[in-house]
Structure formats: C-alpha cells, structure tokens
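Coordinate inspection notes
This is what each chain is made of:
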Amino acid sequence: MTAIRNMSEFHKRFEAAEHKVIVLDFYATWCAPCKDIDKVVKALARQYVNKVDVIKINVDRFEDLVETYKVRSMPTFVFIKNNRKIGRVIGADEHKLKQTLSKVCK
C-alpha cells in the first residue's frame, strides 16, 4: 500500500497488479474520516497481501483520476479487477469495506 507520487507510478502499479484486485483509495490529507479509516485499510492490505494491491490517491494532486473515477466524497474506495470496476465503497465504513474486500477476493 503506497500513495502514488505521479501518473507514471500509478500506471506502473496498475500494470504490476496483474491478477490482483486493485483498490484505489481516494483520500485527502485534511479529511478526518480518511485518517480514521487509514489503520483499517493498512490492516486489510496486509491481510489480503497476495490478493489485493491498494493504491492511495490524493484527490488534491490527481484531479484527472478523481474525474475519471467520479469521486465526489472522501474516502472513496474503487475496486478493479482485470481493468473492470467491480465495486465501490463511499465513506469511512469499516464494515462495508471489509465485506466488499471479502466478496471481491473470493
């Protein structure tokens, strides 16, 4: 789980994920709910290390990605597998995040 620094890194991480589920974690440094859920996201990234690749995206730095994935509130988690969106969780809902990850990683 790493915060991307540029679009090149985003594309490399995306391609390197191969058959894993990619979780795009849209956050902002000033977003309190984003900070609250961060520990849970890190724990889930460790738990699903062989099945998931979490890519953290700062909404203030990557407006193109925010627009592409239609992010309107934070945190927003977008789940992608084989270049297809397979799920989305909006808000710092720990239960829903765990439930969605469990479902998409089967």
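No experiment lies behind these values; they were computed from the predicted model shown.

1. So, the environment of R84
Looking at the secondary structure, you find R84 in strand 5 (residues 84-90). Sequence spacing of R84 and V21 is 63 residues, and the spatial spacing of their C-alpha atoms is 9.9 Å.

2. Focus on the packing of aromatic side chains
Evaluated as defined, the whole model comprises two aromatic pairs. Each ring, one from F10 and one from F14, has its centre 5.5 Å from the other, and the planes form 45 degrees; the classification is tilted. Here F14 and F10 lie together in helix 1 (residues 7-16), a separation of four residues that amounts to about one turn. F14 shares its class with F10; the two are buried. For the pair F26 and Y69, a centre-to-centre distance of 6.0 Å together with 45 degrees between the ring planes defines the contact as tilted. Remark: Y69 occurs in the loop between helix 3 (63-68) and strand 4 (76-81) and F26 occurs in strand 2 (residues 21-27); sequence separation between them is 43 residues. Assessed through its relative accessible area of 0%, F26 is described here as buried. By relative accessible area, Y69 is classed as buried at 11%.

3. Some points on the state of the cysteines
Scanning the entire structure with this criterion turns up one disulfide. Paired through a disulfide, C31 and C34 show a sulfur-sulfur distance of 2.4 Å. In this structure, the disulfide formed by C31 and C34 twists by about 80 degrees around the S-S bond and is classed as right-handed.

4. So, the UniProt feature "active site" (unreviewed entry) in the chain
On the UniProt side, "active site" (unreviewed entry) is annotated at positions that read C31 and C34 here. By the element assignment, C31 lies in the loop between strand 2 and helix 2 (32-47). Setting aside chain neighbours within four positions, we find C31 in contact with M74 and P75. Here C34 lies in helix 2. Not counting residues up to four positions away in its chain, the partners in contact with C34 are Y27, A28, M74 and P75.

5. A word on the UniProt feature "site: Deprotonates C-terminal active site Cys" (unreviewed entry) in the chain
Mapped onto the present numbering, the UniProt feature "site: Deprotonates C-terminal active site Cys" (unreviewed entry) falls on D25. Relative to the helices and strands, D25 is located in strand 2. On the basis of relative accessibility, which here comes to 3%, the residue D25 falls in the buried class. Not counting the four nearest positions on each side in its chain, D25 is found in contact with V41, V54, I55, K56, I57, P75, T76 and F77.

Conventions used here
Residues numbered from 1 in each chain as written. Predicted model: local features only at pLDDT ≥ 70, side-chain atom pairs only at ≥ 80, totals over all residues. Heavy atoms only, no water. Helix = DSSP H or I, 4+ residues; strand = E, 2+ residues; numbered from the N terminus. Phe/Tyr/Trp six-rings, centres within 6.5 Å; stacked < 30°, edge-to-face > 60°. Buried < 20%, exposed > 50% of the residue type's maximum accessible area, 1.4 Å probe, protein only. Disulfide = S-S within 2.5 Å. UniProt positions renumbered as here; feature names shortened; annotations may be inferred. Contact = heavy atoms within 4.5 Å.

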